[in-house]
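# Topology and contacts: notes
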Amino acid sequence: MADMKQPACVSCGGAGLCGGKALATLKDGSWTTNPLAVQMLGICSALAVTNRLENSLVMGAALIFVCVGSNLIVSLLRKAIPTRIRMIVEVAVIATFVIVFDQFLKAFYWDMSKQLGPYVGLIITNCIVMGRAEAFALQNPPLLSMIDGLANGIGYAVILAIIGFFRELLGAGEVMGFRLLSDGWYTPNQLMILAPGAFFALGIVIAIFNHFKGPDPEEKKQ
Amino acid sequence: MTETSALVILIAAIFTNNILLTNFLGMCSFIACSRQINTSIGLGTAVTFVITCTTAINYLIYHHILAPYNLTHLSFIVFIAVIAAFVQFVEMFVERFSPRLYFALGIFLPLITVNCAILGASLFMVIRNYNFWQSAAFGLGGGLGWMAAIVLMAGLRQKMRYSNVPKPFEGVAIAMILTCVIAMAFMGFAGMVAIQ
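Conventions adopted
- Residues numbered from 1 in each chain as written.
- Chains lettered and ligands numbered in written order.
- Predicted model: local features only at pLDDT ≥ 70, side-chain atom pairs only at ≥ 80, totals over all residues.
- Heavy atoms only, no water.
- Helix = DSSP H or I, 4+ residues; strand = E, 2+ residues; numbered from the N terminus.
- Contact = heavy atoms within 4.5 Å.
- Areas by Shrake-Rupley, 256 points an atom, 1.4 Å probe, with all protein chains shown as cover.
- Buried area = accessible area lost by both parts, 1.4 Å probe.
- Salt bridge = Lys/Arg side-chain N within 4 Å of Asp/Glu carboxyl O.
- Polar contact = N/O pair within 3.5 Å; in protein donor to acceptor, adjacent residues only side chain to side chain.
- Nonpolar A, V, L, I, M, F, W, Y, C, P; charged D, E, K, R; others polar.
- pLDDT = per-residue confidence, 0-100.
- Patch = residues over 30% accessible without salt bridge, like charges linked within 9 Å, V, L, I, M, F, W, Y side chains within 5 Å.
- Buried < 20%, exposed > 50% of the residue type's maximum accessible area, 1.4 Å probe, protein only.
- Phe/Tyr/Trp six-rings, centres within 6.5 Å; stacked < 30°, edge-to-face > 60°.
- Lys NZ or Arg CZ within 6 Å of the ring centre and 35° of its normal.
- Axes fitted to C-alpha atoms, helices over the stretch in contact; angles between N-to-C directions.
- Parallel < 35°, antiparallel > 145°, perpendicular 65-115°, else oblique.
- Left-handed = near helix turned anticlockwise from the far one by under 90°.

A word on the overall build of chain A. Counting secondary structure elements, chain A contains 9 helices and 2 strands. Mapped from its N terminus to its C terminus, chain A presents α and β elements in the order α-α-α-α-α-α-α-β-β-α-α. When contacts within chain A are restricted to residue pairs at least 6 apart in sequence, those whose partners lie at least 24 apart make up 70%. Surface summary for chain A: the accessible area is close to 10300 Å², and the carbon and sulfur share equals 67%.

On the side of chain B, 40 residues touch chain A, which itself brings 40 residues to the contact. Between chain A and chain B, roughly 3200 Å² of surface is buried when both sides are summed, and carbon and sulfur atoms account for 83% of that area. Summed over the shared surface of chain A and chain B, the number is 0 salt bridges. Inspection of the chain A/chain B interface yields 2 residue pairs in polar contact (both at pLDDT 80 or more). Of all elements in the fold, only helix H2 (43–48), helix H4 (86–108) and helix H8 (195–213) of chain A reach the threshold of two or more residues within the side of chain A that touches chain B. Take the side of chain A that touches chain B: its biggest share by element is 12 residues, from H8(A). For the side of chain A that touches chain B, the residue count by class is 28 nonpolar, 10 polar and 2 charged.

Turning our eyes to something else, we now look at the confidence of the model for chain A. The predicted coordinates should not be examined in detail at positions where pLDDT is low. Residue and element names in this part refer to chain A. Confidence in the prediction of chain A, expressed as mean pLDDT, is 77, and 82% of residues score 70 or more. When the elements of chain A are averaged for pLDDT, helix H9 (residues 217–221) gives the smallest value, 47, and helix H3 (residues 53–76) the largest, 90. Note that residues 1–19 has pLDDT below 50 and, in this model, 27 contacts with residues that lie over four places away or in other chains.

A few words on a nonpolar patch on the surface. Residue and element names in this part refer to chain A. Taken together, the side chains of Leu-26, Leu-150, Ile-154, Val-158, Ile-162, Phe-166 and Leu-170 present a nonpolar region at the surface, about 510 Å² in accessible area. When residues of the nonpolar patch are assigned to their parent elements, the largest contribution, 6 residues, is made by helix H7 (residues 142–172). Its relative accessible area of 33% is what places Ile-154 among the partly exposed residues.

All right, on to the pattern of salt bridges then. Enumeration according to the criterion identifies 5 salt bridges over all chains in this entry. Across the pair Glu54(A) and Arg52(A) runs a salt bridge, and its minimum N-O distance is 2.8 Å. Given the relative accessible area of 26%, Arg52(A) is considered partly exposed. Residues Lys167(B) and Glu170(B) are paired through a salt bridge, measuring 4.0 Å at the closest nitrogen-oxygen approach.

Counted by the stated rule, this structure contains 17 aromatic pairs over all chains. Considering the side-chain rings of Phe65(A) and Phe101(A), the 5.9 Å spacing of their centres and the 40 degrees angle between planes classify their relative orientation as tilted. Remark: Phe101(A) occurs in helix H4 and Phe65(A) occurs in helix H3; sequence separation between them is 36 residues. Residue classification places Phe101(A) among the buried residues on the basis of a relative accessible area of 11%. Geometrically, the ring pair formed by Phe101(A) and Phe104(A) is tilted, given 6.2 Å between the ring centres and 50 degrees between the ring planes. With Phe101(A) and Phe104(A) both in helix H4 and 3 residues apart, this pair spans about one turn of that helix. One residue, Arg96(B), lies across the ring of Phe97(B), its end atom 5.3 Å from the ring centre.

Turning our eyes to something else, we now look at the confidence of the model for chain B. Looking at chain B, the pLDDT average stands at 84 and 94% of residues meet or exceed 70. Across the whole predicted complex the pTM is 0.79, and at the interface the ipTM reaches 0.80.

The next point concerns the packing of H3(A) against helix H6 (residues 127–137) of chain A. Packed helices, taken two at a time, are described by the angle between their axes plus the distance between the axes. All names here are of chain A. Here H3 crosses H6 at 30 degrees, and the two axes come no closer than 9 Å. The pairing of H3 with H6 is recorded here as roughly parallel in orientation. Seen from above, H3 lies across H6 with right-handed handedness. In contact with Leu-63, Val-66, Cys-67, Ser-70, Asn-71, Val-74 and Ser-75 of H3, H6 contributes Ile-128, Val-129, Arg-132, Ala-133 and Ala-137. Taken together, the residues of the contact of H3 with H6 break down into 8 nonpolar, 3 polar and 1 charged.

Quick look at the structure:
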């Protein structure tokens, strides 16, 4: 993290564009403390919508939108929110953005909205959004909070896209509806599309993350 | 959807359409709180109770307040508010009348507000057009199914302490693989009963 004693900038109180903290925040959110693979937040939706790459991308976009928006609003309100009721305020802000996105999907992409079913609504209880509002936006200025929301959203969306890609490829032999593995030599493994495949795929992704970052320090202690 | 009896929905929600193993709801606390069997039973009981009551309450609110006034786009925020309020209420009630139960369940109650299984059950109830008894049965079955899954998982994880897990898989990764195996086992129930 950058030193705080730099000359203040208008938007966020740091030097220049967020006092050089922008990049660090971006990296933290999308890699070092990746919400999905490292902090294990928001797993529910990550498993449910990744049966096809298309769904994963829409869900990723939804989360980026909600996370950036709610972080911005919560950060703007951070001095006005009484500490005791901050949770319910955060939930209300998040739910508002989720409703906006849900109505947008219903208006323009009805099929997609049907496919995602309840999982768009479930972004409200997605711990990533709540976690970022609680842990970051309440203490940091708006612009930096937006970047943090963006970073975490991207970190989530990328993992979702990876899982979605492999599940669709192995489960149906297709990617985004295009046939990549032809019928001749590859028999689609239906299991990857079904529930167990989702758990398996996420387990493997987490293991790969651990392999490159070293095991989670919290797990080690036990 | 034609009339499916509430009992069928109850059984289907526990086995064939397990809210955790087929719909992936409530994963966060499933992973975080499945290290001890006792903890998981406590959490499972609390979830079952809250999910049954909130699904029924949300059914009444949705069909008698939101739908008649064309406010269904507000359903998300109303549902989550009902759940948060209900959890708060239960916490105060239990604390006042049964301190022992409070110590057993109390610590889990705040966790439940953000358990997506609870909100998910309410959303499924709307999408699948359940009637009142079907909704309540779905809530109860969902809760029991979730409890079954987390208790099974806790048992496996307690055993796993003595096994030799490859380094990168330690912790959550192996838990996911285990869940995969449990989910496959539950697929064996498929065909017993079926709901949408």
